Amino acid sequence: MTEQPLLVAEGLHLHFGETKALDDASLHIWPGEVVALMGPSGSGKSTLLHCLAGILQPDSGRVAYHGRDLTAMSDSERSALRRGEFGFVFQFGQLVPELTCVENVALPLRLSGTGRREAHRTATDWLERLEVGDVAGKRPGQVSGGQGQRVAVARALVSRPRVVFADEPTGALDSLNGELVMKLFITAARDTGAAVVLVTHEARVAAYSDREAVVRDGRVREQEHAR
Ligand SMILES: Nc1ncnc2c1ncn2[C@@H]1O[C@H](COP(=O)(O)OP(=O)(O)OP(=O)(O)O)[C@@H](O)[C@H]1O
Ligand SMILES: [Mg+2]
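Cut-offs used in this document
Residues numbered from 1 in each chain as written. Chains lettered and ligands numbered in written order. Predicted model: local features only at pLDDT ≥ 70, side-chain atom pairs only at ≥ 80, totals over all residues. Heavy atoms only, no water. Helix = DSSP H or I, 4+ residues; strand = E, 2+ residues; numbered from the N terminus. Rg over C-alpha atoms; globule rule 2.2 N^0.38 Å. Buried < 20%, exposed > 50% of the residue type's maximum accessible area, 1.4 Å probe, protein only. Contact = heavy atoms within 4.5 Å. Areas by Shrake-Rupley, 256 points an atom, 1.4 Å probe, with all protein chains shown as cover. Salt bridge = Lys/Arg side-chain N within 4 Å of Asp/Glu carboxyl O. Lys, Arg positive; Asp, Glu negative; His and termini not counted. Pairing = 2+ DSSP bridges. Axes fitted to C-alpha atoms, helices over the stretch in contact; angles between N-to-C directions. Polar contact = N/O pair within 3.5 Å; in protein donor to acceptor, adjacent residues only side chain to side chain. Right-handed = clockwise from strand over helix to strand, strands pointing away.

Let us now look at the overall build of the protein. Scanning the protein for helices and strands turns up seven helices and ten strands. In terms of C-alpha radius of gyration, the protein reaches 17 Å, essentially the compact-globule figure of 17 Å for 227 residues. With the principal axes as the frame, the protein shows a C-alpha extent of 45 × 40 × 40 Å. In the protein, which comprises 227 residues, the share counted as buried stands at 49%. Long-range contacts, defined as pairs at least 24 residues apart, comprise 68% of the intrachain contacts of the protein with a sequence gap of at least 6. Summed over all atoms, the accessible surface of the protein reaches about 10,600 Å², with 48% contributed by carbon and sulfur.

Let's shift gears to the pattern of salt bridges. Inspection of every chain in the model, using the stated rule, returns eleven salt bridges. Note that E33 is salt-bridged to R211, the shortest N-O span being 2.6 Å. Within this pair, whereas E33 is found in the loop between β2 (19–29) and β3 (34–38), its partner R211 is found in strand β9 (residues 211–216), the two being separated by 178 residues in sequence. When the shortest N-O distance is used, the salt bridge between R221 and D217 registers 3.8 Å.

Let us now look at helix α3 (residues 101–111). Buried within α3 are the following residues: C101, V102, N104, V105, A106 and L109. The elements touched by buried residues of α3 are α4 (116–129) and α5 (145–157). Among the residues trailing α3, G113 stands out with phi positive, at a value near 100 degrees.

Quick look at the side chain of K45 now. Secondary-structure assignment places K45 in helix α1 (residues 45–52). Buried within the structure, K45 lacks any salt-bridge partner; E168 is the closest side chain of opposite charge, at an N-O distance of 5.7 Å. Setting aside chain neighbours within four positions, we find K45 in contact with L37, M38, G39, P40, V199, H201 and V215.

Right, let's get into the sheet that holds strand β1 (residues 7–16). Remark on secondary structure: sheet strands pair via backbone hydrogen bonds, oriented parallel or antiparallel. Judged by pairing direction, the sheet is antiparallel, and its four strands sit side by side in the order β2-β1-β4-β5 without closing on themselves. Only two strands of the sheet have a single neighbouring strand rather than two, namely β2 and β5 (68–69). Direction of pairing for strand β4 (residues 60–65) relative to β5: antiparallel, over a ladder of two bridges. By the bridge assignment, A64 is partnered in β5 with D69. In the packing of α1 onto the sheet, contacts are made with β1, β2 and β4, and the angle to β2 comes to roughly 55 degrees.

This part is about the environment of E103. Tracing the chain through its elements places E103 in helix α3. When the C-alpha positions of E103 and G171 are compared, they lie 25 Å apart, and in sequence the two are 68 residues distant. Here the side chain of E103 touches T100 through a polar contact of 2.9 Å, landing on its backbone nitrogen.

Moving on: the pairing of strand β8 (residues 195–199). With five of five residues buried, β8 lies mostly within the body of the structure. Residues A195, V197 and V199 point to one face of β8 and V196 and L198 to the other, with burial holding for every one of them. By the bridge criterion, four bridges tie β3 to β8 in an arrangement that is parallel. Note on β8: the bridge partner recorded for V35 is V197. Pairing analysis gives five bridges linking strand β7 (residues 163–167) to β8, with the strands arranged parallel. Bridged to A166 within β8 is L198. In this fold, the crossover linking β7 to β8 by way of helix α6 (residues 175–192) has right-handed handedness.

Without other data, these values stay purely geometric and don't point to any function.
Structure below.
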């Protein structure tokens, strides 16, 4: 049996008013691969990521996950798919400030019905894998940027998603911290077999990918092997 792509975007068009954010963008993501989306500011990287994740609906074109057409699903079907199969890491973690770090990581499990004890045990394991076990009891406002991003990565991976979407996950960190976050993130994602779609401006971050796709003027212009 030949392997099928996990996620396919075909001929996506999307306008924000007069602005053409996506102009015939197409991309395939294969199971377990790490793909870096590169390209100039305003070229459509975040928009493409949000369409692939079913957060934004394109004006036309198709996004399919495991052959299921996201663009034809109802909003509630799409959010169920996001909760069950996808994980997210954003530039500024976006952790819940009122919860401790371990509670933040446990949250996706709690929301899908896992008991408190079990959820906390699993969350604690993930914090340790990301080498931030020591901040478990702190709130996000009490940890450093790099620690916060590692907590955000733990939260994205805790429910064992098939795809993790990351939009400049190290964009707010200095290069040393960024490097450590990327190393731990990609190692953990590869361990679980999750595919990663990673938006970045930095060649150093893209070097962790299997493949680079360059977005220009709303279109995926080139795809080259990073290594
Ligand atoms: N919500 C929005 N409303 C209006 N225009 C938007 C919106 N989101 C994005 N755009 C526009 O769509 C285009 C693509 O934006 P997008 O955020 O995808 O770029 P990007 O490649 O992620 O840029 P950056 O590297 O700066 O994050 C830009 O011209 C942007 O100004
Ligand atoms: Mg962006």
